[in-house]
Amino acid sequence: SSDLVPLAEETSLINHLTYWSLGVACQALLDLQGLDETYPISVNISPKVLMDPGFGEAVRGLLKRSGAPGNRLIFEITEGVWIQDVEATARRMRELNRLGIRFSIDDFGTGYSNLSSLMRLPIFELKIDQSLIRNLPGDPDSIAIARLILAMAGQLDFWVVAEGVEDEPQADFLARHGCDAMQGYLFARPMPIDDWLGSVRQRRGPSGH
């Protein structure tokens with residue numbers, strides 16, 4: 001439910017959910033490593049958890065205990081996370097960068113991003129919100145916004161992922177304009193992570209390739 005995360009953030013439940021998700025992600029990275037696959041895995045991190053004073057050390061401990069490769073973890077944060085204190089946010093992100101972790105801005109284009117602040121953060125990836133993808137490629141306003149984001153990301157050397165891609169015309173438009181990756185129902189429905197890992201094993205075949 002869309003109400004779950006806001007409700008969890010009002011209590012300590014968001015911490016438990018985040019660390020559980022990170023544990024699952026670390027195990028999945030180890031499973032992928034055993035298949036000689038190098039897919040990264042993204043985990044949504046709430047602003048409250050990101051700025052918790054003990055979060056960096058907790059992530060360091062989790063990576064050490066699990067043996068998971070930190071450079072294949074991407075933390076997805078929302079645009080509003082740095083509005084309160086850009087410098088404090090940047091310090092926390094750089095602390096996690098030293099563990100190999102990269103950062104993605106989730107739902108980009110729906111908030112009130114201050115681009116000068118954005119450029120002060122160690123960002124790896126922008127995820128274009130599905131509301132900006134939905135009317136491509138027929139709507140002139142959607143075309144203009146998508147092309148603007150893709151051009152800006154190219155200049156700033158950000159990787160770009162389009163969310164909510166549901167049909168071939170959307171995918172073709174995005175590919176032609178330099179979008180690096182896409183996700184959505186055109187490719188797959190959400191599924192349990194064990195099912196996804198099973199599909200990876202099946203695709204590799206009995207020889208492991």
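Residues numbered from 1 in each chain as written. Predicted model: local features only at pLDDT ≥ 70, side-chain atom pairs only at ≥ 80, totals over all residues. Heavy atoms only, no water.

A. Fine view of helix α9 (residues 168–176). Turning to α9, its buried residues are Gln 170, Ala 171, Phe 173 and Leu 174. Buried residues in α9, looked at end-on, bunch into an arc of 165°, giving them a common side. You can read the cap of α9 off the contacts: a side-chain oxygen lies 2.9 Å from the backbone nitrogen of Gln 170, and it is on Asp 167. Downstream of α9 by one or two residues, Gly 178 has phi in the positive range, about 90°. (Buried < 20%, exposed > 50% of the residue type's maximum accessible area, 1.4 Å probe, protein only. Helix = DSSP H or I, 4+ residues; strand = E, 2+ residues; numbered from the N terminus. Arc of directions from axis to C-beta. Polar contact = N/O pair within 3.5 Å; in protein donor to acceptor, adjacent residues only side chain to side chain.)

B. Inspection of the layout of surface pockets at higher detail. There is about 2100 Å³ of room inside the largest pocket. Looking at the lining of the largest pocket element by element, the count peaks at seven residues for helix α2 (residues 13–34). (1 Å grid on protein atoms, 1.4 Å probe; cavity = no way out; pocket = protein on both sides within 12 Å on 5 of 7 lines; lining within 4 Å. Points joined across faces, edges and corners; volume = space filled by probe spheres on them.)

C. Structural context of the pattern of salt bridges. For the structure on display, the rule yields five salt bridges. The partner of Glu 57 in a salt bridge is Arg 60, and the shortest N-O contact between them spans 3.5 Å. Remark: Arg 60 and Glu 57 occur in helix α4 (residues 55–66); sequence separation between them is three residues, near one turn of the helix. As a salt-bridge pair, Lys 127 and Glu 76 come within 2.9 Å of each other at their nearest N and O atoms. Linking Lys 127 in strand β4 (residues 125–128) with Glu 76 in strand β2 (residues 73–78), this pair joins segments that are 51 residues apart in sequence. Judged by its relative accessible area of 6%, Glu 76 falls in the buried class. The network of salt bridges with shared partners includes Glu 76, Lys 127 and Glu 163. (Salt bridge = Lys/Arg side-chain N within 4 Å of Asp/Glu carboxyl O.)

D. Quick peek at the packing of aromatic side chains. Taken as a whole and judged by the stated rule, the model has five aromatic pairs. Centroid distance Phe 55 to Phe 75: 6.0 Å. Interplanar angle 40°. Geometry classified as tilted. With Phe 55 in helix α4 and Phe 75 in strand β2, the pair connects residues that are 20 residues apart, well separated along the chain. An identical accessibility class is assigned to Phe 55 and Phe 75; each is buried. Pairing Phe 75 with Phe 103 gives two aromatic rings, centres 5.9 Å apart and planes at 85°, and the pair type is edge-to-face. One end of the pair, Phe 75, is in strand β2; the other, Phe 103, is in strand β3 (residues 102–108), with 28 residues separating them in the sequence. Judged by relative accessible area, which is 0%, Phe 75 ranks as buried. An aromatic cluster is built from Tyr 19, Phe 55, Phe 75 and Phe 103, whose rings are joined through pairwise contacts. (Phe/Tyr/Trp six-rings, centres within 6.5 Å; stacked < 30°, edge-to-face > 60°.)

E. View of the pairing of strand β1 (residues 41–44). Every second residue of β1 is oriented toward a common face, the buried set being Ile 41 and Val 43 and the non-buried set Ser 42 and Asn 44. Alignment of β1 against β2, held across four bridges, turns out to be parallel. Along β2, the bridge assignment pairs Val 43 with Phe 75. (Pairing = 2+ DSSP bridges.)

F. Quick look at helix α5 (residues 86–97). Compared with the 16 Å implied by 1.5 Å per residue over 12 residues, the 16 Å span of α5 between its first and last C-alpha is a close match. If you check which residues of α5 are buried, you get Val 86, Ala 88, Thr 89, Ala 90, Arg 92, Met 93, Glu 95 and Leu 96. Residues of α5 that are buried in the fold lie against α3 (47–50), α4, β2, β3 and α6 (115–118). (Expected span 1.5 Å × (residues − 1). Contact = heavy atoms within 4.5 Å.)

G. Summary view of the environment of Pro 47. Structurally, Pro 47 is set in helix α3. Pro 47 gets classed as partly exposed once you look at its relative accessible area, which sits at 28%. Spatially, the C-alpha atoms of Pro 47 and Thr 78 are 7.6 Å apart, while their sequence positions differ by 31 residues.

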